[in-house]
Amino acid sequence: MPTTAANGITIEYEIRGSESGSPLLLINGLGTQLISWTEALLDGLVESGFRVIIYDNRDSGLSTDFDEFGPADIPAAFKAARSKQPVNAPYNLDDMADDAAELLNALNIPAAHIVGSSNGGAIAQIFAYRHKSKTLSLASIMATSGRRGLPRPTEAATAWLNKPRKRKANREDFIAEALDSAETIGSPGFPRNEAAIRIRAGNLYDRAYKPGGHGRQLLASIASADNRVSHLEEIKAPTVVIHGAEDPLVPVGCGEDVKNSIAGATMTVIPGMAHDYPDEAVPTIVAAIRKNADRASKQKQD
């Protein structure tokens, strides 16, 4: 896969779809890699007419890591955040949004449809107000606004999120952890393909096992606190919020707050979906993204 220099780091990326397609940038969630996206979702977006750009965020996959910072102290970070004290982190979500903008610059793409998932949804929101001219439309998927007082994750989901990732783990341990994750945050309303989960987890482990990056990306999110809340009203691009009705990690009320914070935003809630991408839900997700992109095109023409 190709790499490029952007925002002072090296970013690994891949592009799928026809050069004539509308550019769409997918922003990964916490600790995930560009190969974490399901083939069903990528194929659906390409078939819908998009030229899809996927990439490894900093500190994940084959992009630049920040191992020199050391492992993240998540309990200390949460304690500092609750006390409204500065959180020591090597980067924040603004930096990650700027990475995405500089990647588009490096690819000579002036603007794209911006789609972010989970923590990537938060990054996408920041992108949309920091880089307005580069944002054709915004899709925020299974993400929160970061506003204080919103519904909290379930106890099981909180434990899963805060669970330290082993600095050293063998392949089978990693696969077992992926199956546990699917049990905790996976969609209860759709079939679970354990064979596919095992294969994807094995591929992720073989490509780049970076548990330290997972922790530091969570640290970036904690350090960013609710900074973006006051900026969401600045987003002018047509926006759709997509959320699973059964999400235990980012409850649907968090997505509703994103929708209510951005003028003209619409929302698609998918029954039975939690914090993953069941193949059966992909047509609904792709249709919502396509409809929002078409809304952006119509507004531009008008």
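Thresholds, definitions, all that
- Residues numbered from 1 in each chain as written.
- Predicted model: local features only at pLDDT ≥ 70, side-chain atom pairs only at ≥ 80, totals over all residues.
- Heavy atoms only, no water.
- Helix = DSSP H or I, 4+ residues; strand = E, 2+ residues; numbered from the N terminus.
- Rg over C-alpha atoms; globule rule 2.2 N^0.38 Å.
- Buried < 20%, exposed > 50% of the residue type's maximum accessible area, 1.4 Å probe, protein only.
- Areas by Shrake-Rupley, 256 points an atom, 1.4 Å probe, with all protein chains shown as cover.
- Lys, Arg positive; Asp, Glu negative; His and termini not counted.
- Charge placed at Lys NZ, Arg CZ, Asp CG, Glu CD.
- Axes fitted to C-alpha atoms, helices over the stretch in contact; angles between N-to-C directions.
- Parallel < 35°, antiparallel > 145°, perpendicular 65-115°, else oblique.
- Left-handed = near helix turned anticlockwise from the far one by under 90°.
- Contact = heavy atoms within 4.5 Å.
- Nonpolar A, V, L, I, M, F, W, Y, C, P; charged D, E, K, R; others polar.
- Salt bridge = Lys/Arg side-chain N within 4 Å of Asp/Glu carboxyl O.
- Pairing = 2+ DSSP bridges.
- Right-handed = clockwise from strand over helix to strand, strands pointing away.

Digging into the overall build of the chain
On a plain count of helices and strands, the chain comes out with 10 helices and 8 strands. Its C-alpha atoms give the chain a radius of gyration of 18 Å, within 12% of the compact-globule value 19 Å for 302 residues. C-alpha atoms of the chain, sized along the principal axes, occupy 55 × 45 × 40 Å. In the chain, which comprises 302 residues, the share counted as buried stands at 53%. Carbon and sulfur atoms form 50% of the exposed surface of the chain, whose accessible area is close to 13,400 Å². Each charge class in the chain can be summarised by its mean position, and for the 32 positive and 37 negative side chains these summaries are 4 Å apart.

A few points about the packing of helix H5 (residues 155-162) against helix H6 (residues 171-185)
Where H5 meets H6, the axes come as close as 9 Å, and the angle between the chain directions of the two elements is 150°. Regarding the angle of H5 to H6, the classification is roughly antiparallel. Crossing hand, H5 versus H6: left-handed. Contacts between H5 and H6 involve Ala-156, Ala-157 and Trp-160 from the former and Asp-180, Ser-181, Thr-184 and Ile-185 from the latter. For the contact of H5 with H6, the per-class residue count stands at 4 nonpolar, 2 polar and 1 charged.

Topic: the side chain of Ser-63
With respect to the helices and strands, the residue Ser-63 is situated in the loop between strand E4 (50-55) and helix H2 (74-82). Contacts of Ser-63, omitting those with residues within four sequence positions, involve Thr-10, Ile-11, Glu-12, Asp-56, Asn-57, Arg-58 and Lys-210.

A short note on the packing of helix H3 (residues 93-106) against helix H4 (residues 119-130)
H4 packs onto H3 with a crossing angle of 70° between their chain directions and a minimal axis gap of 8 Å. What the angle tells us is that H3 and H4 run roughly perpendicular. The chirality of how H3 crosses H4 is right-handed. The segment H3 lies against H4, with Leu-93, Asp-94, Met-96, Ala-97, Asp-98, Ala-100, Ala-101 and Leu-104 engaging Asn-119, Ala-122, Ile-123, Ile-126, Phe-127, Tyr-129 and Arg-130. Its residues assigned to classes, the contact of H3 with H4 comprises 11 nonpolar, 1 polar and 3 charged.

Here we look at unusual backbone geometry
Although it is not a glycine, Asp-59 adopts a positive phi angle of roughly 70°. On the basis of relative accessible area, Asp-59 is assigned to the buried category, the value being 1%.

Re the pattern of salt bridges
Going through the model one piece at a time under the given rule, you end up with 14 salt bridges. One salt bridge in this structure joins Arg-58 and Asp-99, with 2.6 Å as the shortest N-O distance. Of this pair, Arg-58 sits in the loop between E4 and H2 while Asp-99 is found in helix H3, placing the two residues 41 residues apart along the sequence. By the burial criterion, Arg-58 is buried, and Asp-99 matches it. Among the ionic pairs, Asp-226 bridges to Arg-148, the shortest N-O distance being 3.5 Å. On the criterion of sequence distance, the pair formed by Asp-226 in the loop between helix H8 (211-224) and strand E7 (239-244) and Arg-148 in the loop between strand E6 (135-141) and H5 is long-range, its members being 78 residues apart. The partly exposed category is assigned to Asp-226, whose relative accessible area is 27%. Through salt bridges that share partners, Glu-14, Arg-16 and Glu-39 make up one connected network.

Side note on the pairing of strand E3 (residues 22-27)
Taken across its 6 residues, E3 has 5 buried, putting it largely inside the fold. Two strands pair when backbone bridges link them, and E3 and E4 are joined in this way by 4 bridges, in the parallel orientation. In the sheet register, Leu-24 faces E4, and the bridge partner there is Val-52. In this region the chain leaves E3, passes through helix H1 (residues 39-47) and returns to the parallel neighbour E4; the handedness of that crossover is right-handed. For E3 and strand E5 (residues 112-117), the ladder comprises 4 bridges, and the chain directions are parallel.

Quick notes on the pairing of strand E8 (residues 266-270)
Two faces belong to every sheet, and in a regular strand the side chains alternate between them. Relative to E8, E7 is paired through 5 bridges, and the arrangement is parallel. Bridge pairing links His-243 to Val-269 in E8. Handedness of the E7-helix H9 (residues 252-261)-E8 crossover: right-handed.

Overview of the sheet that holds E7
Strand order in the open sheet made by the 8 strands is E1-E2-E4-E3-E5-E6-E7-E8, with mixed pairing throughout. Taken across any chain shown, the strands that pair with only one partner, and hence form the sheet edges, are strand E1 (3-6) and E8. Taking each pair of neighbouring strands and ignoring which way they run, the sheet shows an average axis angle of 25°. Bridge count for E6 against E7 is 4 bridges, and the pairing is parallel. Each bridged residue has a counterpart across the sheet, and for Leu-138 the counterpart in E7 is Thr-239.

By themselves these figures say nothing about function.
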